[in-house]
Amino acid sequence: MNIAVCVKDVVDVSEIKIDEKTNEPILEGISREVSDIEKSAVEEAIKIKEEYGGKITVLTVGSVENMENIKELLAMGADEAVIISPPEEPDYTVVSELLAGAIDEIGDIDIVLCGEASIDLFSGQVGPRVAELLDIPQITYAEGLEAEEEKIVGERDVGGNKVMTVESSYPVLVTVTKEINDPRLPSLQEILGAANKPINEWESDEFMDHEIKPTMETKDIRGVSMERKNIIFDEDELEDSVKKLAENLAKEGLLE
Amino acid sequence: MVLIYSDDIDITKELIAKGKELADETGGKVISTIIGEVDEEAANELIYHGSDEVIVVDAETGEFKADKYAQVLNQLVEKTDSEIILIGSNKNGKELAPRLAVKLETGCVTDCTDLYFEDDALTAERIAYSGKAIAVQTFTSKPYVATIPPKNFDPLPKDESRQGEITREKVEVTETGLRIIDIQEKEIKGVNVEDAEIIVSCGRGFDNKEDIELAEELAGSLRGATIGCSRPVAADLKWLPEDHWIGLSGHKVKPNLYVAIGISGQIQHIAGMRDSETVVAINENEDAPIFESADYGIVGDLYEVLPKLIDAINEEKG
Ligand SMILES: Cc1cc2nc3c(=O)[nH]c(=O)nc-3n(C[C@H](O)[C@H](O)[C@H](O)COP(=O)(O)OP(=O)(O)OC[C@H]3O[C@@H](n4cnc5c(N)ncnc54)[C@H](O)[C@@H]3O)c2cc1C
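Residues numbered from 1 in each chain as written. Chains lettered and ligands numbered in written order. Predicted model: local features only at pLDDT ≥ 70, side-chain atom pairs only at ≥ 80, totals over all residues. Heavy atoms only, no water.

### Observations concerning the overall build of chain A
When you go through chain A residue by residue, the secondary structure sums to 7 helices and 15 strands. Per-residue burial over chain A gives 55% buried out of 256 residues. For chain A, long-range pairs separated by at least 24 residues make up 70% of all intrachain contacts whose partners lie at least 6 apart in sequence. Counting only carbon and sulfur atoms, one obtains 44% of the accessible surface of chain A, whose full area is about 11,800 Å². (Helix = DSSP H or I, 4+ residues; strand = E, 2+ residues; numbered from the N terminus. Buried < 20%, exposed > 50% of the residue type's maximum accessible area, 1.4 Å probe, protein only. Contact = heavy atoms within 4.5 Å. Areas by Shrake-Rupley, 256 points an atom, 1.4 Å probe, with all protein chains shown as cover.)

Now the structure itself:
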């Protein structure tokens with residue numbers, strides 16, 4: 001079973017601060033990561049490979065500022081990585097065209113795995129777009145996955161208190177939620193072993209047979225501030241603390 | 001034309017209201033679609049809420065599948081010559097819209113919180129970085145595809161005197177390799193956290209499912225507040241159904257009062273409740289990030305704090 005896993009190297013969102021002067025989020029100097037959901041996608045790929053053999057290729061579009069993040073996925077058990085450098089300001093159209101193009105170039109892929117969305121912008125577009133470009137079915141929001149010889153079965157929570165079991169023939173694209181598994185932590189030996197695994201850097205004109213143009217332009221990203229009172233009631237007796245809390249809620253008219 | 005689709009009729013009505021506003025600027029009509037079960041009443045309902053036309057697509061299309069429904073909508077966009085396509089941002093809508101956008105070779109914005117014309121181009125706003133920022137994006141391609149979350153726009157008032165054309169369409173679709181084997185529907189009374197004025201929200205600080213009763217008791221003292229929860233409580237532990245789940249990947253809420261109990265306050269949770277008027281946090285760890293996002297906090301074991309807090313609130317109410 002040959003598997004491609006699409007991942008993104010993103011800023012650690014919890015570290016982002018807003019620049020008070022420009023009201024823009026400060027993204028420089030913030031640590032970067034491949035989010036847990038995408039590690040879960042890699043983990044799921046490894047489990048399938050352990051059962052059926054094959055090869056796992058990790059794909060990412062964009063400059064990877066922290067190569068350790070990609071090496072970690074190789075240490076987990078992926079076989080190879082492809083880093084595709086995009087033209088300037090890529091949007092979802094460009095990113096998914098590049099991923100689909102790279103998957104075509106690699107050839108003979110049975111399963112494409114993605115996270116349900118990447119954690120920075122949380123659009124969830126890349127998975128469905130790549131599936132449409134490759135003209136294959138998709139199973140989104142999978143919280144359970146069982147690969148069989150001829151088909152794959154997925155469990156998905158579709159909201160509205162409905163859980164759906166679906167099956168698909170290969171090739172298929174699956175987006176996973178982080179509940180699907182607990183991604184393994186590579187051992188030191190695996191980390192050292194991964195040093196020799198190939199990380200290929202591809203330019204889009206090397207494998208794309210057509211030009212791709214963005215369809216969206218980001219005009220502005222402005223910070224949203226949240227003002228809170230941050231009052232902690234810390235009296236000697238808990239009774240007094242809760243009383244103060246209740247009084248404050250009453251004062252705000254919240255107990256009427 | 002503005003073409004509208006959601007498998008949830010309440011969201012469809014909200015999209016119609018926004019669609020009308022946009023159609024007023026571009027000229028043209030608002031056309032809503034119902035795919036699947038032919039339901040005369042639902043079609044009328046959409047007309048009463050402002051849709052100029054309703055297209056009902058034959059039930060043969062079957063149960064929702066993103067790849068198939070994208071084929072349906074693609075054909076309807078062409079037939080109606082629609083320039084704007086609004087899709088409800090639930091899970092189905094979010095896996096459908098990007099596929100449709102690829103067919104239409106155009107851009108798409110998911111989870112728009114606002115949508116307007118600026119310099120003749122449709123511009124969309126959406127939350128970025130777990131609510132720390134708003135991204136403003138402009139389409140440089142047409143048609144425009146956007147998904148809009150529930151409760152973002154108010155539906156127009158119902159007007160039963162409104163008239164509109166209801167047409168049936170038969171659309172050819174190719175079957176794909178995907179098959180639905182089973183749908184388990186949990187029979188539970190759904191909650192609507194989006195509409196709640198007070199929310200008591202439970203995190204992994206609770207030891208087991210039964211203890212959620214403590215939160216329910218507090219909710220009882222707070223005008224029958226609605227129970228919410230963090231992702232792990234719904235998704236991992238399954239103590240509460242999905243419709244209680246608040247956060248980036250769950251529901252976005254804006255109550256007057258949000259009480260977070262045993263919730264650490266990770267940014268993905270905050271993304272769903274940051275618009276709350278007043279936030280109270282109860283957590284045994286004084287360094288829990290939830291306190292940074294709270295107006296009032298009590299550091300302590302929820303099992304000790306809750307009973308006492310319930311008493312204090314009841315006493316305060318007299
Ligand atoms: C892509 C993605 C999307 C996500 N979307 C969401 C989302 O929509 N909503 C969401 O909530 N999360 C979401 N998360 C998960 C989020 O990152 C956190 O993991 C989650 O919010 C933690 O839930 P929690 O606070 O209940 O649990 P924990 O982080 O485990 O916190 C439990 C808290 O309870 C406290 N506690 C323990 N025992 C007691 C006690 N006896 N009394 C008082 N306090 C106690 C602890 O001090 C701790 O602070 C998402 C994550 C990812 C990667």
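### Quick notes on the sheet that holds strand β14 (residues 216–223) of chain A
Strand order in the open sheet formed by 4 strands is β14(A)-β8(B)-β7(B)-β6(B), with antiparallel pairing between adjacent strands. Both edges of this open sheet fall to β14 of chain A together with β6 (112–118) of chain B, since each of them pairs with a single strand only. Sheet twist, expressed as the average angle between the axes of neighbouring strands with direction ignored, equals 25°. Bridge count for β14(A) against strand β8 (residues 133–139) of chain B is 7 bridges, and the pairing is antiparallel. (Pairing = 2+ DSSP bridges. Axes fitted to C-alpha atoms, helices over the stretch in contact; angles between N-to-C directions.)

### Regarding the domain arrangement of chain B
All names here are of chain B. By the assigned domains, chain B splits into domain 1 (2–170) and domain 2 (193–317). Domain 1 and domain 2 are separated by 33 Å when their C-alpha centres are compared. At the junction of the two partners, domain 1 supplies 6 residues and domain 2 supplies 9 residues. Connecting domain 1 to domain 2 are 1 salt bridge. A salt bridge links Lys-151 to Asp-195, with the nearest nitrogen and oxygen atoms 3.1 Å apart. If you look at where domain 1 meets domain 2, you find 2 residue pairs in polar contact (both at pLDDT 80 or more). Broken down by class, the residue content of the side of domain 1 that touches domain 2 amounts to 2 nonpolar, 2 polar and 2 charged. (Domains from an automatic or database assignment. Salt bridge = Lys/Arg side-chain N within 4 Å of Asp/Glu carboxyl O. Polar contact = N/O pair within 3.5 Å; in protein donor to acceptor, adjacent residues only side chain to side chain. Nonpolar A, V, L, I, M, F, W, Y, C, P; charged D, E, K, R; others polar.)

### What about helix α4 (residues 126–134) of chain A?
Residue and element names in this part refer to chain A. With 8 of its 9 residues buried, α4 lies for the most part within the structure. Three or more residues of α4 are buried, namely Val-126, Gly-127, Pro-128, Arg-129, Val-130, Ala-131, Glu-132 and Leu-134. After α4 finishes, the residue Asp-135 shows a positive phi value of roughly 60°.

### What to know about the pattern of salt bridges
The full count for this structure, using the stated rule, is 39 salt bridges over all chains. A salt bridge links A:Glu116 to B:Arg231; the shortest N-O distance between them is 3.0 Å. Of the two residues, A:Glu116 is situated in the loop between β8 (111–115) and α4 and B:Arg231 in helix α6 (residues 231–236); the pairing between them involves two chains. For the pair A:Glu116 and B:Arg231, a shared accessibility class is recorded, and that class is buried. The salt bridge partner of B:Glu118 is A:Lys219, with a shortest N-O separation of 2.9 Å.

### Re unusual backbone geometry
That bond from A:Tyr170 to A:Pro171 is cis: its omega, -10°, falls within 30 degrees of zero. The amide bond that connects B:Lys142 to the next residue, B:Pro143, takes the cis arrangement and shows omega of -10°. Within the secondary structure, B:Pro143 is located in the loop between β8 and β9 (144–148). Of note, B:Asp119 is a non-glycine position whose phi angle comes to about 50°, a positive value. Tracing the chain through its elements places B:Asp119 in the loop between β6 and β7 (121–128). By relative accessible area, which is 69% here, B:Asp119 ends up exposed. With phi around 65°, B:Lys151 is a residue other than glycine that occupies positive phi space. Within the secondary structure layout, B:Lys151 lies in the loop between β9 and β10 (165–169).

### Considering the environment of A:His210
All names here are of chain A. Following the sequence through the fold, His-210 ends up in the loop between α6 (204–207) and β14. Overall, the relative accessible area of 39% leaves His-210 in the partly exposed class. One polar contact links His-210 to Glu-97, side chain to side chain, over a distance of 2.9 Å. Of the polar contacts made by the side chain of His-210, one reaches the side chain of Asp-209; its length is 2.7 Å.

### Concerning the interface of chain B and chain A
Counting residues at the interface gives 89 residues for chain B, matched by 82 residues for chain A. For the pairing of chain B and chain A, the buried interface totals around 7,600 Å² over both sides, and the portion due to carbon and sulfur atoms is 55%. Counting the surface chain B buries against chain A, the share from its top three residues, B:Arg99, B:Tyr129 and B:Tyr296, is 11%. Run the count over chain B and chain A and you get 11 salt bridges. Connecting chain B to chain A are 56 residue pairs in polar contact (both at pLDDT 80 or more). At 9 residues, the largest contribution of residues to the side of chain B that touches chain A is made by helix α4 (residues 91–103) of chain B. (Buried area = accessible area lost by both parts, 1.4 Å probe.)

### Side note on the packing of helix α7 (residues 238–251) of chain A against helix α8 (residues 302–317) of chain B
Interaxial distance between α7(A) and α8(B) falls to 8 Å at its minimum, and their mutual angle equals 45°. Between α7(A) and α8(B), the interaxial angle falls into the category oblique. In the crossing of α7(A) with α8(B), the sense of the turn from one axis to the other is right-handed. Within the contact between the two elements, α7(A) uses A:Leu238, A:Glu239, A:Val242, A:Lys243, A:Leu245, A:Ala246, A:Glu247, A:Leu249 and A:Ala250 and α8(B) uses B:Glu304, B:Val305, B:Lys308, B:Leu309, B:Ala312, B:Ile313 and B:Glu316. Partitioned by chemical class, the residues of the contact of α7(A) with α8(B) number 10 nonpolar, no polar and 6 charged. (Parallel < 35°, antiparallel > 145°, perpendicular 65-115°, else oblique. Left-handed = near helix turned anticlockwise from the far one by under 90°.)

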